[in-house]
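Structural overview
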Amino acid sequence: MINNARGVSRDRGVSRRAVLGGAAAVAAGGMLAACAPGTEQSGGTGGSTEAGGAGAGASVPAYVPFPGIEHDLPGTAEGIPPGVYSYPDPPIVRDGYPLPAGDPISALVQGPPNNVPDSENQNFQNIVKQIGAPLQMVYGGYPEYTSKFQVTMASGDLPDMCMIVPVAELPRLLEANFTDLSDVLGGDGVSKYPGLANIPTAAWSVPTINGRLFGIPMPLPPAGKVITARSDTVEARGVDPHAINLRDGQDFLDLLEQLTRREKNEFSMGANPTAWLLSIVKQMVGGPNVWKLDGDTFVHENETEEMKEALERSKEIIAAGYLHPNSFSDPGNNGTWWTSGVTALYIQGFSGWTRQSRFDVDWEYINVEVPAWDGGAAPVHKSSPAYEAFMAFKQAEGERLEQMLQVADFLASPFGTQQFVDLNYGVETYSYEMRDGEPMKLEEAPQVPTHLRYCGGNYASVLYGAGNKEYVDAQHDYVNRVIPDGLDNPAGGLYSETEVTKAATMTKEMLDVQRSIMQGEKPLTAWDEFVSEWKSKVGDQMAAEYAEAKANS
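Residues numbered from 1 in each chain as written. Predicted model: local features only at pLDDT ≥ 70, side-chain atom pairs only at ≥ 80, totals over all residues. Heavy atoms only, no water.

For the coordinates displayed, the defined rule picks out six cavities of 30 Å³ or more. Looking at the largest cavity, its volume works out to about 220 Å³. Taken together, 24 residues make up the lining of the largest cavity; nearest its centre are Tyr 63, Pro 82, Asn 198, Pro 200 and Ser 461. Residues that form the lining of the largest cavity fall into these classes: 17 nonpolar, seven polar and no charged. (1 Å grid on protein atoms, 1.4 Å probe; cavity = no way out; pocket = protein on both sides within 12 Å on 5 of 7 lines; lining within 4 Å. Points joined across faces, edges and corners; volume = space filled by probe spheres on them. Nonpolar A, V, L, I, M, F, W, Y, C, P; charged D, E, K, R; others polar.)

Right, dumping it as structure tokens:
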């Protein structure tokens, strides 16, 4: 179903800037999905996922919308983002910047270095100027970040700011090495820092561990995954993108057939099938969002009949040839296939759709909503209300802690401020220009150092279409429908030691079995055999640990 989920293209031709921008947006979406620790895991790092439920030991930071920012469409503290049609002109300039001169700051962050060295990058140097302190970045990459983090922790030489990912004995590690912010930011304490106070309540659950607040989250709308289509690609295959109305699983299969032209090496979609296709089909067949509760007992999706049905349905889709034949062997090319028109549909997190509508104004994007397989609406599997690698501060107090909090408050500068533009678009004429009152990135501009936006950055927490009202209306309508009725993962935000240690060792085996079944190499009974082993080794223990954590939260 489309539900008017389209934007009016400013240029229906595919410009070189659009191709570059589209590839960049897809790559960014892929990186976030690939490195998010909770993307395909059972639980998370933080406390209760309920709004206001950070745990018994601490008061949740209050939600105080930033003054002076007018939203065209309202948001909520529970994670429904507000909508803004055009960037404020002129932007609001926050008082107090540059910050007073302070001691140097070091930060361990996910991601590779920028394409222009920090010492030569005007965008980076402008951030250094605004925070009033020399800034030393330690880049940890994406797939290898957990190893980098563990090596850094073992060395005992900690940077001032660290992105935290799930590792063994995480609660003890945090208590021993990082600053407990509960009594500083809890309740109205956060109001001293207007950028941090603008973070939606639900997002604070991610950095809350055993009832104590150990970091700053980057909020995200908990709207799960979406299927995005480019209207020009769909139209070229004889499908009216504005008339798609999927009523059941058969309609979904019919659409995939229409969008696949094998003789031209064109397919309906690509991507890693276990991570993306299977996740959508699990939602369509009514499976749980990773875990479900049976009374007080946690039951994992692996144990359910819906998982087996999802594997069977996915196997049918793959056998029919609807996916790019290299989807299993070369999923990293998914973005290239999509932007070049080889594939028509792109499964991604909701924030990927919002990035595209913000940066790629030359293309028209359609949100294809999937139904329940047997008909009717399929509840969305809600995602985390914040990126699951949060930013923590090495133990500090007094003036040093205050400096760190002021820097974090700058990094959390809300949409609509000049500081938000500095952080997300960089320096004017160097990496962006204003077009019709909207900031637009320049073609082949030096990268904006986005690594630090994981510390409270709210680029995804406002719906903004760079002047395109239809996109904003469509996205706001979508989140208002799917977030309130979406399925939470009841283990989200709870901590299981088994989950981040023993269970991780079985992930490869699980994916291998799923791939083999989906490709027809093994029968479905292989899944029952794996689940029996999985339950005895880790599944039952995880369920018990989550039940205990929930009882104590």
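As a further point, take helix 4 (residues 170-177). Those residues of helix 4 that fall on the buried side of the exposure criterion are Leu 170, Pro 171, Leu 173 and Leu 174. The arc that holds every buried residue of helix 4, seen down its axis, measures 165°, which confines them to one face. Against the buried residues of helix 4 lie helix 3 (145-155), strand 4 (161-164), strand 5 (208-209), strand 13 (390-393) and helix 16 (497-500). (Buried < 20%, exposed > 50% of the residue type's maximum accessible area, 1.4 Å probe, protein only. Helix = DSSP H or I, 4+ residues; strand = E, 2+ residues; numbered from the N terminus. Arc of directions from axis to C-beta. Contact = heavy atoms within 4.5 Å.)

Let's shift gears to the sheet that holds strand 4. Pairing is mixed in the open sheet, where four strands are placed in the order 3-2-4-13. The open sheet terminates on both sides in strands that have one partner only, identified here as strand 3 (135-139) and strand 13. When strand polarity is set aside, the average angle formed by the axes of neighbouring strands in this sheet is 25°. Direction of pairing for strand 2 (residues 105-109) relative to strand 3: parallel, over a ladder of five bridges. Of the residues in strand 3, the one forming a bridge with Ile 105 is Leu 135. (Pairing = 2+ DSSP bridges. Axes fitted to C-alpha atoms, helices over the stretch in contact; angles between N-to-C directions.)

This part is about the side chain of His 451. Relative to the helices and strands, His 451 resides in the loop between strand 15 (438-441) and strand 16 (463-464). Using a relative accessible area of 6% as the deciding quantity, one classes His 451 as buried. For His 451, the contacting residues outside a window of four places in its chain are Val 109, Gln 110, Gly 111, Pro 112, Asn 114, Met 137 and Tyr 139.

Scored by pLDDT, the chain has a mean of 88; 89% of the residues are at 70 or more. A low-confidence stretch, residues 1-44 stays under pLDDT 50, and its non-local contacts, those more than four residues away or across chains, total 121 contacts. Note on residues 46-56: pLDDT under 50 across the span, and 33 contacts to partners over four residues away in sequence or across chains. (pLDDT = per-residue confidence, 0-100.)

Attention shifts here to the sheet that holds strand 11 (residues 343-349). Taken in spatial order, the four strands line up as 8-11-7-12 in an open sheet, and their pairing is mixed. Single-partner strands in this sheet number two, and they are strand 8 (267-269) and strand 12 (365-368). On average, each strand axis in the sheet is inclined to that of its neighbour by 25°, with strand direction left out of account. Pairing analysis gives five bridges linking strand 7 (residues 225-230) to strand 11, with the strands arranged antiparallel. Among the inter-strand pairings, Ile 227 is bridged to a residue of strand 11, identified as Ile 347. Helix 8 (residues 249-258) rests against strand 7, strand 8, strand 11 and strand 12 of the sheet, and its axis sits at about 130° to strand 8. Running over the sheet, helix 9 (residues 277-284) touches strand 7, strand 8 and strand 11 and is turned about 115° from strand 7.

By secondary structure assignment, the location of Ala 62 is in the loop between helix 1 (16-35) and strand 1 (83-84). Its relative accessible area of 21% is what places Ala 62 among the partly exposed residues. In this structure the C-alpha to C-alpha distance between Ala 62 and Asn 198, which are 136 residues apart in sequence, comes to 8.6 Å. If near-sequence neighbours (up to four positions away) are discounted, Ala 62 is found in contact with Gly 187, Asp 188, Val 190 and Ala 197.

Time to look at the nonpolar core. In terms of nonpolar packing, the biggest core is built from 80 residues, with Phe 149, Met 161, Leu 185 and Ile 216 touching the most fellow members. Examining the composition of this core, we find that seven residues originate from one element, helix 13 (residues 398-411), more than from any other. Non-local contacts of Phe 149, meaning those with residues more than four positions away in its chain, are made with Leu 108, Cys 162, Met 163, Ile 164, Val 165, Val 167 and Leu 173. Listed in part, the 56 residues of the second largest apolar core include Val 281, Met 518, Phe 530 and Trp 534. (Core = buried A, V, L, I, M, F, W, Y, C linked by side-chain atoms within 4.5 Å.)

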